[in-house]
Amino acid sequence: MKFTDGNWLMRPGVKVQWPVMATDVELGDDQLVIHAPTRHVGNRGATVDGTLLAIKLFSPMPEVIGVRIYHHCGAQDRGPHFELDSAVSAGAGPHPQIINIDSEAGLQSGGLRAVFQKGNQFALRFYSGDTLITASDPRSMAYLEVEGEGSYVREQLSLGVGECVYGLGERFTALVKNGQSIDIWNRDGGTGSEQAYKNIPFYITNRGYGVFVNHPEQVSFEVASERVAKVQFSVPGEYLEYFVINGPAPKEVLSRYTALTGRPALPPPWSFGLWLTTSFTTNYDEATVSHFIDQMAAYDIPLHVFHFDCFWMKEYHWCNFKWDQRVFPDPKAMLQRLKARGLKICVWINPYIAQRSELFDEGMRHGYFLKKANGDVWQWDMWQAGMAVVDFTNPQACQWYTGKLRELLDMGVDCFKTDFGERIPTDVVYYDGSDPVKMHNYYAYLYNKVVFELLEEVKGKQEAVVFARSASVGSQKFPVHWGGDCSSTYASMAESLRGGLSLCLSGFGFWSHDISGFEATATPALYKRWAAFGLLSTHSRLHGNSSYRVPWLFDQEAVDVLRQFTMLKCRLMPYLYKSGIQAAKEGIPMMRAMMLEFPKDPGCDYLDRQYMLGDALLVAPVFNDQGDVSFYLPQGQWVNYFTNEVVSGGRWVHEQHDFFSLPLLIRPNSLVAVGTSDQKVDYDYSANVSLHLGYLEDGKSAVTEVYSPKGELELVIKVNRTGNRLTIDAEGAGKPWQLVLRTFGVGQIDTIDNGRLADSELGAVIEPGRKANQVTITCVIRT
């Protein structure tokens, strides 16, 4: 939302007041409050008939400082509020240090410091160590009154030269948000517009800090737009609260943000495999489903999850959570047959109850739906005729809703696609009295929390997974999220990647998309290009709208391409699962924008057509039929995963790829754990695991871990290079493993101590000379 008319004027009907001086400071044990009038006070008379703003500084955890700006504080707080973790209030972590000297006052939390100068010009500055990272300059913080709309509180934080802003949820616009006007308001707008299903009022910059605006309602961001050297954010009402989160590395910012708002749960290993669906409006029954599964097996394409989309229920009855008996007469027996083939089962749900559903009268009778002010059930015909919306602030409604889902779990369903949750009305009354405007975005959090916690209860921790479309702050705790309704074009493939990278820079650890696009039907070439991208995403699903997504409907080569990349993902599971564990433990996403891994390389700031999958693999999808692709490599010697070609970095690279390849490169000084199965995603990752070593520079080390499918650490490998000597240290469960030297052939190994040497197409292979929980191997290489 813009308030100004250029540099000097306000827009018509806008009255602005900003703090101009600090009259006094109230000090507490863990906080301070600055009282700041909006006009200069030179005598007692100036204290009458004027506005006084209060600015509170506090710290919920080390390296995080909160700022609360408020005018009138007498409004009733109806909620909801984001669920935040405060290490300080919980007694963990050091308390912040209060700063109060003659010239300035402020707060120190770890290496982050917020200070304002005492005197007649109000400003608030933030330092990481001795480095100024951002500031609320004079006339940036403000209280505004807009004619016909009411009051707003605004903040403007400065941007440095070359500073780029990222995040703010799953946004399909440019990855760098500078120049964009963004409203944090969940909408069902597809992937081809400025609207977003998952709006998160958190941004991160390439200067090593992040800002989280702690408001579930609509927050309006002007990112280097209204004021080109500032990020402006505003909310309607009488107060504004935000947190500045220190790095200085971007990964540290994300780790601290997710410590505050919640870490992603770790999805079960089977969820990383290939998902196939019925698609949306296609005609299908048990015979159709069985045919698809039979054909996938006949073509030797590993399949791990089968999803039934909306029409597993009868039309006009969504949701009644009952199988359509016309096409699925014995669903329990059908599910048993599918699960006997090793498949997990997912079914579609949403939080709406159509008027023709037999659950409608029951829900209305017990007060389980959102209501109008007069007590009537709120209804409309958008999506489902006469549908009502379940009120998840009502504990009885939650129990009723999950009771229906529990019956499906008992029948054999393993997980749910939690669709929709964006078009939540604001002219409604909630059971607990929550503010309906604040609930519009927050509803997605409650909806997915209710379903995810049921899955954890029934299936157990690390066995729960949803496929969610809508989200708000904290929803990262309930993975997985997918990108919504994309189109079958290369442009939409690219915008989907931008959205995923943006979401993963907003605290989310896992993300997926509809391979080959949801709307319309892809060409065979697009299907194959998107399949490679999809199988090198954290989660991989074939799903469409009005046509099926099985590969043989495109061409035979599509079958072969899908098979190859599905098998590749199966083999990469030891590496991928380790990256998933890091997401759950540290809040670092599996799919990473290049700037996250290489924050000191300005060449990475704007890259949005490539990414790091984990910390060791670079992926550059191909966005055209011809196979032409240009990508940027940071400094170092990168190794092509498929061919072993060593490619020098610090430059742009142009290549051409057939449908069975794309740029997939091993990062310098990195190890990639590769498993033994090309059919399953849940197997013993550490048994006979191969550790693929990329180019190891002199004086550097490469380290990796291998976990069991239950998340237990089973192997740690460290390879150190000193001159021509490699030292390999391994500690683990005593299971067999091998090290593949991608850049050295067997003829380049002069001597080896405590190990065995073998040859392979990919390079020299070193195995421990004896079975042991701990072993050290040394070898001399010839370069």
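Residues numbered from 1 in each chain as written. Predicted model: local features only at pLDDT ≥ 70, side-chain atom pairs only at ≥ 80, totals over all residues. Heavy atoms only, no water.

(A) Representation of the overall build of the protein chain. In terms of regular secondary structure, the protein chain is built from eleven helices and 49 strands. A globule of 783 residues ought to have a C-alpha radius of gyration of about 28 Å, and the protein chain, at 28 Å, matches this closely. The dimensions of the protein chain, computed from C-alpha atoms along their principal axes, are 90 × 70 × 50 Å. The buried share among the 783 residues of the protein chain stands at 63%. When the accessible area of the protein chain is evaluated, it comes to approximately 27800 Å², of which 48% is carbon and sulfur surface. Across the protein chain, the 72 positively charged side chains and the 88 negatively charged ones have centroids separated by 2 Å. (Helix = DSSP H or I, 4+ residues; strand = E, 2+ residues; numbered from the N terminus. Rg over C-alpha atoms; globule rule 2.2 N^0.38 Å. Buried < 20%, exposed > 50% of the residue type's maximum accessible area, 1.4 Å probe, protein only. Areas by Shrake-Rupley, 256 points an atom, 1.4 Å probe, with all protein chains shown as cover. Lys, Arg positive; Asp, Glu negative; His and termini not counted. Charge placed at Lys NZ, Arg CZ, Asp CG, Glu CD.)

(B) Structural view of empty space enclosed by the protein. Within the structure shown, the criterion is met by three cavities of 30 Å³ or more. Put simply, the largest cavity is a space of about 60 Å³. Around the largest cavity, the lining residues are Ser 686, Glu 714, Leu 715, Ala 730, Glu 731, Gly 732, Ala 733, Gly 734, Lys 735, Trp 737, Ala 772 and Asn 773. The leading source of residues in the lining of the largest cavity is strand 44 (residues 725-732), at three residues. A class-by-class count of the residues in the lining of the largest cavity yields five nonpolar, four polar and three charged. (1 Å grid on protein atoms, 1.4 Å probe; cavity = no way out; pocket = protein on both sides within 12 Å on 5 of 7 lines; lining within 4 Å. Points joined across faces, edges and corners; volume = space filled by probe spheres on them. Nonpolar A, V, L, I, M, F, W, Y, C, P; charged D, E, K, R; others polar.)

(C) Region of interest: helix 7 (residues 490-504). Counted at 1.5 Å a residue, the expected span for helix 7 with its 15 residues is 21 Å, and the 21 Å between its end C-alpha atoms agrees. Here helix 7 lies mainly inside the structure; 14 of its 15 residues are buried. (Expected span 1.5 Å × (residues − 1).)

(D) Molecular detail of unusual backbone geometry. Note that the residue after Gly 79, namely Pro 80, is joined by a cis bond; omega there is 5 degrees. Here the amide bond leading from Pro 479 into Val 480 is cis, since omega sits at 15 degrees, within 30 degrees of zero. Mapped onto the secondary structure, Val 480 falls in the loop between helix 6 (436-459) and strand 28 (481-482). Phi is positive for Glu 63, which is not a glycine, with a value near 75 degrees.

(E) Quick peek at the packing of aromatic side chains. Applying the stated criterion across every chain, the model contains 54 aromatic pairs. Where Phe 392 meets Tyr 401, the ring centres are 5.2 Å apart and the plane angle is 90 degrees; that geometry is what we call edge-to-face. Taking relative accessible area as the criterion, Phe 392 reaches 5% and is therefore assigned buried. Taken together through their ring pairs, the aromatic side chains of Phe 58, Phe 82, Phe 202, Phe 212, Phe 243, Tyr 257, Tyr 442, Tyr 445, Phe 452 and Phe 478 make up a single cluster. In this arrangement the basic side chain of Lys 56 is found over the ring face of Phe 58, its NZ or CZ atom lying 5.1 Å from the centre. Lying across the ring of Trp 482, Arg 541 places its NZ or CZ 4.9 Å from the centre. (Phe/Tyr/Trp six-rings, centres within 6.5 Å; stacked < 30°, edge-to-face > 60°. Lys NZ or Arg CZ within 6 Å of the ring centre and 35° of its normal.)

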